[in-house]
Each structure stands twice: as C-alpha cells, then as structure tokens.
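Given next are the chains, with one letter for each unit.
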Amino acid sequence: MQTEILEPVGVRVTDVDLSRPDADLWASLRALLAEHGVAVLPGQEIDDDAFLAFLQGFGELTFTTGETPLPGYPDLNLISNVGRETAPVSNFHVDTSYVAQPPAYTALRAVSIPAAGGATQFTNQYRAYETLPDELRERLEGRTITHVVTGVDLGPDDEAAADHPVFRPHPVTGRPALYLTSPKRCSAISGMTPAETEETVAALLAHSTRPDNTLDHAWAPGDVVIWDNAAVLHRADHAGVVGDRVMHRGMVGAYAAG
C-alpha cells in the first residue's frame, strides 16, 4: 500500500486490490479515514459483487429511504444523470444525519464518467473546527444542532430528527469536528432563536466550504472513493457536466467496535 496525502483533505491510496481485500486493508483504511476523512482508491477494476464485499468488510450496510436501489443489489443505490432533462441539485451535506447514529462511511464506485465536469467535493471538518474564530467557537461550545429530514416520506415509525453536537467528537478517535449538514436540514441550534440558527448555520457552512478547505475529486474510470461521514461534508458538482455520470453507492452503518 502506498499513500499520498491530499490537501486540504483526503488520502490517495494505491497498490491495493479491492477485489481481494483482507483484514489488514480494512484496518488500514479505517485508520486513514479517521485521520484524513476521504480515501481515493484509483484503478479498481471491480464489479458490484466485489464492491459490496469490500464495503461489508467495514461492517453492516445501511440504506437511506428514498434512494434508488440498484437492481439486484438492495444494499447499493444508483446515482445517475442519465435521462434527466435538468441537472440534479446537490448541496454540501452529511449522509442521513437525521438519525441518532448516522452512517459511518459512504463509498462511490465510478461506473460511467462524463467527458467533462461531475467532480465530487469534500470539506475538512476537522480543519473547519480548528479554524473557527475563537468567539464563535466559545459561543457554540456545548450546543447541539437538530438535524431533520426533508423531501423524504419516512413513514410514521421512522426517526426523522436527531440532535448532534455542533462540535462532534469523532466516534473512533474523539477528535472534534464541526458537524452540520445542508441548511434546510439544520432546524435548530440549542439555545438560539430560529433567526440566530439560520444565520449561524449559514456562517458555519460558508466557513466549512471555503475553497481552501475543499477538495475537488475529478473522477477517472476505476475510481472508488470512500469517506468518513464524521469528518467531511460532500457534494456533487453538477455544473458543466457533459455526458453520462453514473455512480454506485453503498453506506456502512456503524464504526467497528474497539
């Protein structure tokens, strides 16, 4: 395994074969993800069976209600612009943060790469926390954000809101990160009025997604990218996409014990 640290977030991992993963690889990637947030694994000639097996090595998979399942693979979902008359809209967010235990990891496998555009962007939420102005950090210390679901009918028995610390310790390392999601899903900050919440969330998001805190991953055939949802925000950049952009996605529900 060879690693190259990416700035401002992530690590590029080469000389690995995801069609033949083992315990050492999974352990190494867990450690890299906890530290760097994103792992880019280029040149992986794998199918969905191998992709699924790779993800299952991290733990039990989970699936978000409202996503499009991949035919024959109910634990994976399809992300595609094929047949769409208008480009999809993607804002910076954390996957499924409106549950008490959000997914630990999300991964994408490149299936079809557009001729232009279609990058996925990631932010360094450790750095976002560390570079907050002192006054704002002190004002938010100990507060929580209520994360809610929007645009999806979960049904009466599904949890649709959860409170998470604004400065959420990483579930494995304990390292604090600035934990928020898209503004429409941040319904309240404890101890703040709705107007104060809206203003503060907007400021936190602008701070997190500054260009110097954002990695643009330009996809190449054979790319697999996996990220730690406790350490990064992400979004797809659909501006200027030329051609088909098709990804298969899977999510791991929890971090490994110990």
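A quick note: this is a predicted structure, and the numbers were derived from the prediction, not measured.

Calculation notes
Residues numbered from 1 in each chain as written. Predicted model: local features only at pLDDT ≥ 70, side-chain atom pairs only at ≥ 80, totals over all residues. Heavy atoms only, no water. Pairing = 2+ DSSP bridges. Helix = DSSP H or I, 4+ residues; strand = E, 2+ residues; numbered from the N terminus. Axes fitted to C-alpha atoms, helices over the stretch in contact; angles between N-to-C directions. Buried < 20%, exposed > 50% of the residue type's maximum accessible area, 1.4 Å probe, protein only. Polar contact = N/O pair within 3.5 Å; in protein donor to acceptor, adjacent residues only side chain to side chain. 1 Å grid on protein atoms, 1.4 Å probe; cavity = no way out; pocket = protein on both sides within 12 Å on 5 of 7 lines; lining within 4 Å. Points joined across faces, edges and corners; volume = space filled by probe spheres on them. Nonpolar A, V, L, I, M, F, W, Y, C, P; charged D, E, K, R; others polar. Contact = heavy atoms within 4.5 Å. Core = buried A, V, L, I, M, F, W, Y, C linked by side-chain atoms within 4.5 Å. Right-handed = clockwise from strand over helix to strand, strands pointing away.

Observations concerning the sheet that holds strand β8 (residues 120–123)
Working step 1: Spatial ordering of the open sheet is given by β14-β8-β16, a layout of three strands whose pairing is antiparallel. The open sheet has two edge strands with one neighbour each: β14 (214–217) and β16 (234–236). Recorded for the sheet is a direction-independent mean angle of 20 degrees between the axes of neighbouring strands.
Working step 2: Pairing between β8 and β16: three bridges, direction antiparallel. In the strand pairing of β16, Phe122 is matched with His234.

Here we look at the pairing of strand β7 (residues 105–112)
Working step 1: Among the eight residues in β7, six count as buried, and that is most of the element.
Working step 2: Strand direction decides the pairing type here: β7 and strand β17 (residues 246–252), joined by seven bridges, are antiparallel. Within the sheet, the bridge partner assigned to Ala110 lies in β17 and is Met247.
Working step 3: With five bridges joining them, β7 and strand β15 (residues 224–228) adopt antiparallel strand pairing. Following the sheet pairing, Tyr105 is matched in β15 by Asp228.

A few points about helix α2 (residues 48–56)
Working step 1: Of the residues making up α2, those classed as buried are Asp48, Ala50, Phe51, Leu52, Phe54 and Leu55.
Working step 2: Of the residues that open α2, the one with a side-chain oxygen 3.2 Å from the backbone nitrogen of Asp49 is Asp47.

Here we look at the layout of surface pockets
Working step 1: Taken as a whole, the largest pocket holds about 1100 Å³ of empty space.
Working step 2: Along the walls of the largest pocket sit 36 residues, with Glu67, Val89, Ser90, His93 and Arg249 positioned nearest its centre.
Working step 3: Those elements that provide at least two residues to the lining of the largest pocket are β6 (73–80), β7 and β16.
Working step 4: At four residues, the largest contribution of residues to the lining of the largest pocket is made by β6.
Working step 5: Counted by class, the lining of the largest pocket contains 10 nonpolar, 18 polar and eight charged residues.

Some words on the environment of Thr120
Working step 1: Inspection of the secondary structure puts Thr120 in strand β8.
Working step 2: For Thr120, a relative accessible area of 3% translates into the label buried.
Working step 3: For the pair formed by Thr120 and His217, sequence separation is 97 residues and the distance between their alpha carbons is 5.2 Å.
Working step 4: Setting aside anything within four residues of it in sequence, one finds Thr120 in contact with Leu108, Leu215, Asp216, His217, Trp219, Arg235, Ala236 and Arg245.

What about the nonpolar core?
Generally speaking, nonpolar side chains in soluble globular proteins are found buried as a group.
Working step 1: Grouped together as the largest cluster of nonpolar side chains are 30 residues, with contacts concentrated most on Leu29, Leu41, Phe54, Leu55, Phe58 and Ile226.
Working step 2: Mapped by element, the contributors of at least two residues to this core are β2 (11–14), α1 (23–36), β3 (38–41), α2, β6, β7 and β15.
Working step 3: Non-local contacts of Ile226, meaning those with residues more than four positions away in its chain, are made with Leu33, Gly37, Val38, Ala39, Leu41, Leu55, Phe58, Tyr105, Thr106 and Ala107.
Working step 4: By size, the runner-up hydrophobic cluster in this structure holds 20 residues, among which are Val94, Phe167, Cys186 and Leu233.

Overview of the pairing of β3
Working step 1: Of the two faces of β3, the one holding Val38 and Val40 and the one holding Ala39 and Leu41 are both buried throughout.
Working step 2: As defined by bridge partners, β2 adjoins β3 across two bridges and the pair is classed as parallel. Bridged to Val11 within β3 is Ala39.
Working step 3: Note that the unit made of β2, α1 and β3 has a crossover that is right-handed.
Working step 4: In this structure, β3 lies alongside β15, joined through four bridges in antiparallel fashion. Bridging across to β15, Val38 finds its partner in Trp227.

Some points on unusual backbone geometry
Working step 1: A cis geometry characterises the amide bond from Glu7 onward to Pro8, with omega recorded as 5 degrees.
Working step 2: As for its position among the elements, Pro8 is in the loop between β1 (2–5) and β2.
Working step 3: Within the chain, Asp15 stands out as a residue other than glycine whose phi angle is a positive 60 degrees.
Working step 4: With respect to the element layout, Asp15 can be found in the loop between β2 and α1.

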